[in-house]
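Observations on the model geometry
As a plain string of letters, each chain reads:
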Amino acid sequence: MISSLTGTVQAVSLNTAVLNVNGFGMLVNATPGTLSTLHEGREATVHTSMVVREDSMTLFGFATTEERDVFEVLIGVSGIGPRTGLAILAVHTPEEVRIAANTKDTAAFTKVSGIGPKGASRIVLELNGKLVPTGAPVSSASAAGGSASVWEPQVIEALTGLGWSEKDATATLKALSKADPEIVATGNVADILRAALRSMSSANRAR
């Protein structure tokens, strides 16, 4: 089982990255937050979880062991596959997932695309006792009401890390503030980053 990879970042896309590890290009699926820490040409370490199926072996990469550990608990829930587990961690930090599971906060899970009220209820039921808050601080950027001074540099860094220019990233966030003020007002870095990526991808297709 591969628990971590260290190598030179060869490529970064919207959902994956390739690390060159001793001449082998290792493809890992990751959240926008993790991908934002990877920069082409630089050495990096990602903590990994390998999901083995009859017809495939897929690596999922995380910036911290805490993210990986929570991911592995999540995919143990019936109906939660690796993609959904990754989506949950794209919206919430590991500690926020622990808090939501411990407090039976189904609303937190319905914020994730593809998870409805029934699915959220099943998740909190199956996670009962499996994830307990550690007491780690929860950043205000992940909660509603985060200020632009907190989230904007993080989102711009993530976008430039994915290959966009700082000028394009800044312009996109400015346009997003006018087009979708509600999502910007939340201050949620992961949500704003996803919205920005959708906007930039749509603009590219229209060219």
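As the structure is a computational prediction, the values presented were derived from the model and not from experiment.

1. Observations regarding the environment of I156
- Following the sequence through the fold, I156 ends up in helix α7 (residues 148-161).
- Residue classification places I156 among the buried positions, given a relative accessible area of 12%.
- As for I156 and S36, which are separated by 120 residues in sequence, their C-alpha atoms are 9.4 Å apart.

2. Let's talk about the packing of helix α2 (residues 65-74) against helix α3 (residues 82-91)
- At a closest axis distance of 9 Å, the pairing of α2 and α3 adopts a crossing angle of 135°. Here α3 runs oblique to α2, going by the angle between their axes. Crossing of α2 over α3 shows right-handed handedness. Packed against α2, whose contacting residues are E67, V70, F71 and L74, the element α3 presents P82, G85, L86, I88 and L89 at the interface.
- Each residue belonging to the contact of α2 with α3 can be placed in one class, and the counts come to 7 nonpolar, 1 polar and 1 charged.

3. Quick look at the side chain of T34
- Of note, T34 is situated in helix α1 (residues 32-35).
- On the basis of relative accessible area, T34 is assigned to the buried category, the value being 1%.
- Of the polar contacts made by the side chain of T34, one reaches the side chain of E67; its length is 3.5 Å.
- Excluding its chain neighbours within four sequence positions, the residues that come into contact with T34 are G61, F62, A63 and E67.

4. Brief notes about the packing of α2 against helix α4 (residues 94-102)
- Interaxial distance between α2 and α4 falls to 9 Å at its minimum, and their mutual angle equals 40°. Considering the angle they form, α2 stands oblique to α4. Facing E66, E67, V70 and L74 of α2, the residues of α4 in contact are P94, V97 and R98.
- The residue makeup of the contact of α2 with α4, split by class, is 4 nonpolar, no polar and 3 charged.

5. Observations concerning the pairing of strand β4 (residues 43-53)
- As paired strands, strand β1 (residues 4-12) and β4 are joined by 5 bridges and run antiparallel to one another. Bridge assignment links S4 to a residue of β4, and that residue is H47.
- In the sheet, β4 pairs with strand β5 (residues 56-62) via 7 bridges, with the strands oriented antiparallel. Following the sheet pairing, S49 is matched in β5 by F60.
- Between the end of β4 and the start of β5, which pair antiparallel, lie 2 residues.

6. Description of the pairing of strand β2 (residues 16-21)
- With 5 of 6 residues buried, β2 lies mostly within the body of the structure.
- Inspection of the sheet shows β1 paired to β2 by 4 bridges, in the antiparallel sense. Among the inter-strand pairings, A11 is bridged to a residue of β2, identified as V18.
- Between β1 and the antiparallel strand that follows it, β2, lie 3 residues.
- Where β2 and strand β3 (residues 24-29) come together, 6 bridges link them in antiparallel fashion. Pairing of V18 across the sheet is with L27, part of β3.

Parameters and conventions
- Note on numbering: residues in each chain are counted from 1, in written sequence order.
- Side-chain atom pairs in this predicted model are given and counted only at pLDDT of 80 or more, local residue features only at pLDDT of at least 70, and totals for whole chains, interfaces and linings cover all residues.
- Calculated side-chain values reflect all of the structure's heavy atoms, with hydrogen atoms and water omitted.
- The helix count covers DSSP runs of H or I at least four residues long, the strand count covers runs of E at least two residues long, and both are numbered beginning at the N terminus.
- Burial here depends on accessible area, computed with a 1.4 Å probe over protein chains only, as a share of the maximum for the residue type. Under 20% is buried, over 50% is exposed, and the range in between is partly exposed.
- Axes here refer to lines fitted to C-alpha atoms; in helices the fit is confined to the stretch in contact. Angles between the N-to-C directions go from 0 to 180 degrees.
- With respect to orientation, any angle under 35 degrees is reported as roughly parallel, any angle over 145 as roughly antiparallel, any angle of 65 to 115 as roughly perpendicular, and every other angle as oblique.
- Here a crossing is taken to be left-handed if its near helix is turned anticlockwise relative to the far helix by less than a right angle, and right-handed if that turn runs clockwise.
- Any two residues whose heavy atoms approach within 4.5 Å are treated as being in contact.
- Three categories are distinguished: nonpolar for Ala, Val, Leu, Ile, Met, Phe, Trp, Tyr, Cys and Pro, charged for Asp, Glu, Lys and Arg, and polar for the others, with Gly belonging to the last.
- Pairing of N or O atoms within 3.5 Å defines a polar contact, subject to two protein rules: one partner must be a possible hydrogen donor and the other a possible acceptor, and residues neighboring in sequence count only if both atoms are side-chain atoms.
- We treat two strands as partners when DSSP finds at least two bridges between them.

By themselves, these figures tell us nothing about what the structure is for.
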